[in-house]
Amino acid sequence: MSVDLTGTYLTLEDGRPAVRFSRTYDHPVDRVWHFVTDPDELAGWFPFQVEIELRAGAPVRFFGEPGTPEFTGRILALDPPRHLSFEWGGDELHFDLEEAGEGRARFTLTNVLDAENTAARNGAGWEVCLAALDAKARGERFEGPHAGPSAPWKEFYDGYIGAGVPSGAPVPGLD
């Protein structure tokens, strides 16, 4: 079965590898900002539960995924309601929001990768998580897990590998 890949593998201006996803939602920027900053909203689509204080330099705690130890990052940059970036494991996550017409917001997630060979794995994981966010934004319930080894990421992973996106990193919970 073929899947539609929505992520793009790229090399940033500073030479770091990244995967990037963009969506347009029928919500104002302030509402989409809550999807990415409110722990209760994040619980419906993000791969971990999050404890976050919206302040540059503040710690961000990630927990709740069975089989994965709790870990901590920190907020790297904050410009509400337009930009949030934080450390996440060895990676960085950047959330950017902009107006896309009346009552609409353009959402861009950039996962700056610590290692190039994580691109296919992370891209596949974000496909599943963002499908859950897409459903949430439409007011629908996402059925099934959006994180962890039981999430339906394998077809996306195979798709990214088939598209030539770097791969080979271990998959937590499977390797």
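Residues numbered from 1 in each chain as written. Predicted model: local features only at pLDDT ≥ 70, side-chain atom pairs only at ≥ 80, totals over all residues. Heavy atoms only, no water.

## Re the packing of aromatic side chains
What characterises a pair of aromatic rings is the spacing of the ring centres plus the angle enclosed by the ring planes.
Point 1. Applying the stated criterion across every chain yields a total of 17 aromatic pairs.
Point 2. Here F62 and F86 contribute two aromatic rings whose centre-to-centre distance is 5.6 Å and whose plane-to-plane angle is 40 degrees, an arrangement assigned as tilted. In this pair, F62 sits in strand 4 (residues 59-63) while F86 sits in strand 6 (residues 83-88), placing the two residues 24 residues apart along the sequence.
Point 3. Here F86 falls in the buried class, since its relative accessible area comes to 3%. (Phe/Tyr/Trp six-rings, centres within 6.5 Å; stacked < 30°, edge-to-face > 60°. Helix = DSSP H or I, 4+ residues; strand = E, 2+ residues; numbered from the N terminus. Buried < 20%, exposed > 50% of the residue type's maximum accessible area, 1.4 Å probe, protein only.)

## Observations regarding the packing of helix 3 (residues 119-137) against helix 4 (residues 154-162)
Point 1. Where helix 3 contacts helix 4, the two axes come as close as 8 Å, and the packing angle between them is 135 degrees. The orientation of helix 3 with respect to helix 4, classified from their angle, is oblique. Crossing of helix 3 over helix 4 shows right-handed handedness. Along its contact with helix 3, which presents A120, R121, G123, A124, E127 and V128, the element helix 4 presents F156, Y157, Y160 and I161.
Point 2. When grouped by side-chain class, the residues that make up the contact of helix 3 with helix 4 number seven nonpolar, one polar and two charged. (Axes fitted to C-alpha atoms, helices over the stretch in contact; angles between N-to-C directions. Parallel < 35°, antiparallel > 145°, perpendicular 65-115°, else oblique. Left-handed = near helix turned anticlockwise from the far one by under 90°. Contact = heavy atoms within 4.5 Å. Nonpolar A, V, L, I, M, F, W, Y, C, P; charged D, E, K, R; others polar.)

## Some details on the sheet that holds strand 6
Point 1. If you trace the eight strands from one edge of the open sheet to the other, you get 1-2-8-7-6-5-4-3, paired in antiparallel fashion. The sheet is open, and its two borders are formed by strand 1 (8-11) and strand 3 (49-52), each paired with just one other strand. Strand-to-strand twist across the sheet, computed as the mean angle between neighbouring axes with direction ignored, equals 25 degrees.
Point 2. Note that strand 1 and strand 2 (residues 17-25) share four bridges and pair antiparallel. Pairing of T11 across the sheet is with P17, part of strand 2.
Point 3. Contacts from helix 3 reach strand 1, strand 2, strand 6, strand 7 (91-99) and strand 8 (105-112) within the one sheet, and its direction differs from that of strand 2 by about 15 degrees. (Pairing = 2+ DSSP bridges.)

## So, the side chain of H83
Point 1. With respect to the helices and strands, the residue H83 is situated in strand 6.
Point 2. Using a relative accessible area of 17% as the deciding quantity, one classes H83 as buried.
Point 3. Side chain to side chain, H83 and S85 meet in a polar contact 3.3 Å long.
Point 4. Side chain to side chain, H83 and D96 meet in a polar contact 2.6 Å long. (Polar contact = N/O pair within 3.5 Å; in protein donor to acceptor, adjacent residues only side chain to side chain.)

## Observations regarding the nonpolar core
Point 1. Among the nonpolar cores identified, the biggest contains 45 residues, and W45, F46, F86, F95, F107 and W126 are the most heavily contacted of them.
Point 2. For this core, the leading source of residues is helix 3, giving 10 residues.
Point 3. Setting aside chain neighbours within four positions, we find F107 in contact with F21, S22, R23, Y25, V32, V36, W45, F95, D96, L97, L130 and L133. (Core = buried A, V, L, I, M, F, W, Y, C linked by side-chain atoms within 4.5 Å.)

## Some details on unusual backbone geometry
Point 1. P80 connects to P81 through a cis peptide bond whose omega is -10 degrees.
Point 2. One can find P81 in the loop between strand 5 (71-79) and strand 6.

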